[in-house]
Every structure is written in structure tokens, then in C-alpha cells.
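Spelled out from the first residue to the last, the chains are:
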Amino acid sequence: MTTVTAHPTNAPALQKAVIRSWKAPIGLGAFTLIAIVLFLVFSRKGESVFPLATGADAIRLPNVTVNAALACWVLVILLAIVAAIATWLTVQARRVPRSLFILFGALFLLAFLVWVAAGAALPGLSIPNLLLGTVALSATLIFGAIGGVISERVGVVNVAIEGQMLAGAFLSAVVSSVTHSAILGLVGAMVAGMLVSFVLAAFSIKYLVDQVIVGVVLNVFVIGLTNYLYSKVLTPNTELLNTPVNFSEIDIPLLSQIPIVGPALFRQNLIVYIMYIAVFAVWFGLFHTRWGLRLRSVGEHPQAADTVGINVARTRFWNVSLAGAIAGLGGAFLTIGSSIAFNREMTAGDGYIALAAVIFGRWDPIRATLAALLFGFTQNLQYVLAGLNSPIPSDFMLMLPYVVTIFAVAGLVGQVRGPAASGKPYVKS
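Residues numbered from 1 in each chain as written. Predicted model: local features only at pLDDT ≥ 70, side-chain atom pairs only at ≥ 80, totals over all residues. Heavy atoms only, no water.

Turning to the layout of surface pockets, a few remarks are in order. Here the second largest pocket defines a volume of roughly 400 Å³. Taken together, 17 residues make up the lining of the second largest pocket; nearest its centre are Leu137, Met346, Asp350, Gln379 and Tyr383. Where the lining of the second largest pocket is concerned, the elements lending two or more residues are α4 (127-153), α13 (312-335), α15 (365-387) and α16 (394-413). Along the lines of polarity and charge, the residues of the lining of the second largest pocket split into 11 nonpolar, five polar and one charged. (1 Å grid on protein atoms, 1.4 Å probe; cavity = no way out; pocket = protein on both sides within 12 Å on 5 of 7 lines; lining within 4 Å. Points joined across faces, edges and corners; volume = space filled by probe spheres on them. Helix = DSSP H or I, 4+ residues; strand = E, 2+ residues; numbered from the N terminus. Nonpolar A, V, L, I, M, F, W, Y, C, P; charged D, E, K, R; others polar.)

The structure is reproduced here in C-alpha cells:
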């Protein structure tokens, strides 16, 4: 809801328009009402225990124990104050800062965790384990989101992330099983993702087929192909073809012993550490190198890029291929990175959530990574709460990641402008 008010100035003919968007106060107010009903009307008695340490931490922090009912009252009051501030800023025709949304989200999440952990059996809700699971479940999404950012920045909508990740998971499992090498399995995953992106690039760039349609068809094709090969080839030869060699956990000295965040970030396998490097490398490359400048120029204004001598078709083709290789690494994490054999449709829609992270992150590698971490957190939360005997129905917990995805993209992002030429085929005149 937006209102426009005209204020007179010294010149009667000139009017100053003030645009007020009531989207923020309405949204925050609605969630405040939800918090009141959920955390106060249906309050839970008892104490909420939050362990902050693991056995390998250099400094063992004590558990945090709070009275659930009292903590929920305090947090709901703070939520109401934040919503009131957003309303006041809107009345004053001032922009509601993003930090206010982050603060509100953090307070709501904290209230939710206190509420669900009330009266739970010891040891309670372990924060380090919650973060560790978040990073593990976000790794696939982050690789997919990074690939999506590259592809869309160069002007090609990559709906085929799901197929690229699933192909990567399949080939990484097979190659590592046959060769008994996790490294070769990782290479196989990149090759598989790149092969799928070759098809996307060929049809969308050379033959000018609608990019969204090609992406959807590729996803369906890869799902059908891997399901067929799984049932006809892998299942009869499980020991030979579907017993992947996995990457072992690597503890980074000192860093892995940092309380709370150390286990989540620095007690991981090689694929997660590659993910850290990939996020930084893509961010730095996009905004601080000649490669990134050429890539972004092709995605924003291909005619101008062509005028200065950049081969638009070739730039798009090879960068879409690079995006597919990175997405394939996300699929490899599902098998050789998680000690799991390949199974039917094991990506389970992660490619589409990664695409949502691209939009939520406004086509920026760092923001897309943070968005993927948010979605991974909600995925992990459903497993954690199931172990706490949460009062929330299990069916709702299963759909929680998708509800958060829809709300984040539709409710928080709103209307955003992606790369100007994304999804638009370029025909050289």
C-alpha cells in the first residue's frame, strides 16, 4: 500500500510529492500479531536451555538457560517496539532501514527458538549443532546460487540449476565409486553440470529458444535420465557404481576451536572449503576484474558490448558453462560430501530454492550466499525441532523452507531490477 501526498512549496506551481509505502509497517505489524498469538496466548512453561559449546572448543562457554514465558514476553515487546518505529518512519515519509528488518527477524527467530525449546529434555537446543547443520544444508544451495548469479549476470536465466546439480550428484557418485577417488568424483560433478549447461547455452544462445522453457525441459530430462539409470544400472550394481568415496572432515587448527562458529565453519570437508573460495572468487571477479566487467556488460547491454569488440555469444556460452560446473559441485556435496549414495531426485527442489536465493540476493554473490544460508537454516530447523518434540505439526515443518522462500522473495524483495538483458536473446545486427 502506497500513498502520495503533495506538499506546497514557495512556488505554487511546484509540488513536492512524498511517497509513503506502508508495506513495511503492515508486514512487521502482522508478524507482531502472530508473535503475540503464538508466543503469549499459546505460551509454554519451563526453561529453555541453549548449549553454546562442544567438546573440542578452546573456551567452553556455559549453557544459556532462560525462563521461556518471561523471555517470550520481553521479546514480543521488543518486536512491537520495532514495528512501531517502522510505522513512525513511514508516517514521517522516511525510508525504513534494512537493519530494522534484520533486527526484527533476529528477535522473532530468537523468540521462536525460546518457545519451541521450552521444557525440552537436556541437553536442549545446541546452537553449535544448529549452525553446523545450517552450513551443511546450505552448501548445495550456495553453489547453485553462485552458478545462477554468473549465468544471469551474463544474460541467461538459469532455471536448469536443479538439473545441473542432480547430474553432478549422479556422476560424482558413479565416478568416485569406480575410481575410488573423491577428487575424480568432484571433477565428474563439474563435467556433468557443464554438459547440462552446454545444452542450455546452445538452445538459448544459438537457437534463441526461450531460456525458461529450455531450463524446465532440461530439469525434467535429467530427472528422467537419472531415475532410469539409477533403477537399471546403479541398483543392480550398487557395490561397484553407487558406493561413493567421501571426503573426510578437515579441522582447521585454532579456527575450529572458536566457540559457537568454529565447528560450523572450520570443521568441514574439502567441498565446503572450496565453497568459501568460490564465493569470494566470484564476488571479486565480478566486481574487480576485467572478466567481471565484460560479463556484466554483456548481461546489461549486449549491443554496447558488441560495439566495443566483445563477442556476446561466446562470452555468454562459456560463462553459462562455468555456472553449470559450479552448480555441479553443489550436487557433488549431496553424495561425496555427505557420505550418501545417489538416490532418485535427491536434490528435492534445491535448484529452485537456489534460484530464489539469486533473486533474494539481488544477483550479488555475497547476498545470494546469505540468502542461501537463510534457506538452509530453515531446512535444518525442521530436523532440529523434530528432535525436540516441537508442538508445531510435522507437516508444517516440512513445508517451512518453501514458505520462507516464498515470503522472502515475494514479501521482502518485492520489485527488483535484475540484469537488463537477462533472458533476452541477442541477435547481432
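Anyway, onward from the coordinates.
In this section: the packing of helix α5 (residues 161-179) against α13. Relative to each other, α5 and α13 sit at 55 degrees, their axes nearing to 6 Å. In terms of orientation, α5 lies oblique with respect to α13. Helix-helix and strand crossings are classified by hand; for α5 and α13 the assignment is right-handed. Every residue of α13 that contacts α5 at Ile161, Gln164, Met165, Gly168, Ala169, Ser172 and Ala173 is listed here: Ala323, Gly324, Ala327, Gly328, Gly331, Ala332 and Thr335. The residue makeup of the contact of α5 with α13, split by class, is seven nonpolar, seven polar and no charged. (Axes fitted to C-alpha atoms, helices over the stretch in contact; angles between N-to-C directions. Parallel < 35°, antiparallel > 145°, perpendicular 65-115°, else oblique. Left-handed = near helix turned anticlockwise from the far one by under 90°. Contact = heavy atoms within 4.5 Å.)

A word on the packing of helix α6 (residues 182-206) against α13. It is at 6 Å that the axes of α6 and α13 come closest, and there the two elements cross at 145 degrees. Pair α6 / α13 crosses with right-handed handedness. When α6 is examined against α13, the residues Leu186, Ala189, Met190, Gly193, Met194, Ser197, Phe198, Leu200, Ala201, Ala202 and Ile205 are found in contact with a partner set consisting of Ala313, Arg316, Phe317, Trp318, Val320, Ser321, Gly324, Ala325, Gly328, Leu329 and Ala332. Partitioning the contact of α6 with α13 into residue classes produces 16 nonpolar, five polar and one charged.

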